[in-house]
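# Chain and residue survey
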Amino acid sequence: MSHGISNSSVGRKFLMALSGFFLMFFLAQHLAINSLSLFSKDLFNEVSHFMGTNPLIQFVLQPILIFGVVFHLLMGMYLDSQNKSARPIKYAVDNASENSNWLSRNMLITGVMILLFMLLHFYDFWIPEITTKFINGDWSGIHNGEFRYWEELHHKFHNLVRVIIYCIAFISLGLHLAHGFQSSFQSVGFNNKHSSTIKKLANLYAVIIPLGFIFIALFHYFTSL
Ligand code: HEM
């Protein structure tokens, strides 16, 4: 091959892209559900309770999500190390501007920032949730006579330091998505004549998703003062 990329490396990039698409879909639905917390406490609570107790979501989709995250992380590190040893310039993107070069070179850095964020995020939300359900055996979702989800979320964003850390992480996420989105399309062979449209879509997605999360974090911060 003229690119000097082995077939298996193409296969790995393809799988990397697939896991990336899956995570982008997850992020969009995560943002959609979190957005409910902005205007309806009840609706957010109902949907959160459904997501947190539905067996299909808990025991099928959640393990798939965990697998997707771990796979994306490990494969990303592997591909990055391969790229580094194979050639001085990584990511064979032909029409890369200086900007996208910068983004592609920093996928590992922004990826690690997201990983650190996820550790904090799991500590904040996921671990208490798992503890309540699986250790305390409480699947009711009720605290002090009403669903606890909205209150818990609202309370978490009362802390300015946490809000700042989250917002920095969301900016890293935007940088990661800006390159990751269009790179995934290239890896599944969707480049050349569509590339400018895809880049626009990528940029739009990479701005809207993090901005949405930032808005939610700030909303809960300012309304809990
Ligand atoms: C303002 C922004 C965000 C808020 C308020 C938020 C809130 C939550 C909440 C309440 C949960 C539920 C925990 C549970 O019941 O299991 C959760 C889970 C999760 N969040 Fe977020 N999140 C935000 C941003 C993000 C971002 C940007 C990412 C990824 C980069 C992310 C990744 C996850 C993952 C992977 C889970 C675990 C899903 C599962 O339950 O299996 N979140 N988040």
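Attention here is on the structure that accompanies the text. This one's a predicted model, so the numbers in the text were calculated from it and none came from an experiment.

## What about the pattern of salt bridges?
Counted by the stated rule, this structure contains six salt bridges. Put simply, E129 and K133 hold a salt bridge, and the shortest N to O gap is 3.4 Å. With E129 and K133 both in helix α5 (residues 107–135) and four residues apart, the pair spans about one turn of that helix. Each member of the pair, E129 together with K133, is buried. Residues R148 and E129 are paired through a salt bridge, measuring 3.0 Å at the closest nitrogen-oxygen approach. Placement of the pair is R148 in the loop between β2 (146–147) and α6 (149–156) and E129 in helix α5, with a sequence separation of 19 residues. The class of R148 is buried, set by a relative accessible area of 7%. On the accessibility criterion, E129 (14% relative accessible area) is buried. A single salt-bridge network, built from bridges that share partners, covers E129, K133, R148 and E152.

## A few points about the packing of aromatic side chains
The tally for this structure, following the rule as stated, stands at 15 aromatic pairs. Taking the centre distance of 6.3 Å and the plane angle of 85° together, the rings of F59 and F134 count as edge-to-face. Taken together, the positions of F59 in helix α3 (residues 55–86) and F134 in helix α5 put the pair 75 residues apart, joining distant regions of the chain. Pairing F134 with W139 gives two aromatic rings, centres 5.1 Å apart and planes at 80°, and the pair type is edge-to-face. You can call F134 partly exposed: its relative accessible area is 41%.

## Section: the site of the ligand
Near the ligand, the surroundings consist of 19 residues, among which H30, Q62, H121, W126 and E129 are the closest. In the model, a nitrogen atom of the ligand is placed 2.8 Å from a nitrogen or oxygen of the H30 side chain. At a separation of 2.6 Å, an oxygen atom of the ligand approaches a polar side-chain atom of Q62. At the level of elements, α1 (7–39), α3, α5 and α7 (160–187) are the ones that each hand at least two residues to the shell around the ligand. Classifying every residue of the shell around the ligand by side-chain character gives 14 nonpolar, four polar and one charged.

## Overview of the environment of N203
Counting through the fold element by element, N203 comes out in helix α8 (residues 195–223). Residue classification places N203 among the partly exposed residues on the basis of a relative accessible area of 44%. Each C-alpha atom, one on N203 and one on L175, is 9.3 Å from the other, the two residues being 28 residues apart in sequence.

The rules we used
Residues numbered from 1 in each chain as written. Predicted model: local features only at pLDDT ≥ 70, side-chain atom pairs only at ≥ 80, totals over all residues. Heavy atoms only, no water. Salt bridge = Lys/Arg side-chain N within 4 Å of Asp/Glu carboxyl O. Helix = DSSP H or I, 4+ residues; strand = E, 2+ residues; numbered from the N terminus. Buried < 20%, exposed > 50% of the residue type's maximum accessible area, 1.4 Å probe, protein only. Phe/Tyr/Trp six-rings, centres within 6.5 Å; stacked < 30°, edge-to-face > 60°. Near = heavy atom within 4 Å. Polar contact = N/O pair within 3.5 Å; in protein donor to acceptor, adjacent residues only side chain to side chain. Nonpolar A, V, L, I, M, F, W, Y, C, P; charged D, E, K, R; others polar.

Bear in mind that shape data such as this cannot, by itself, settle questions of function.
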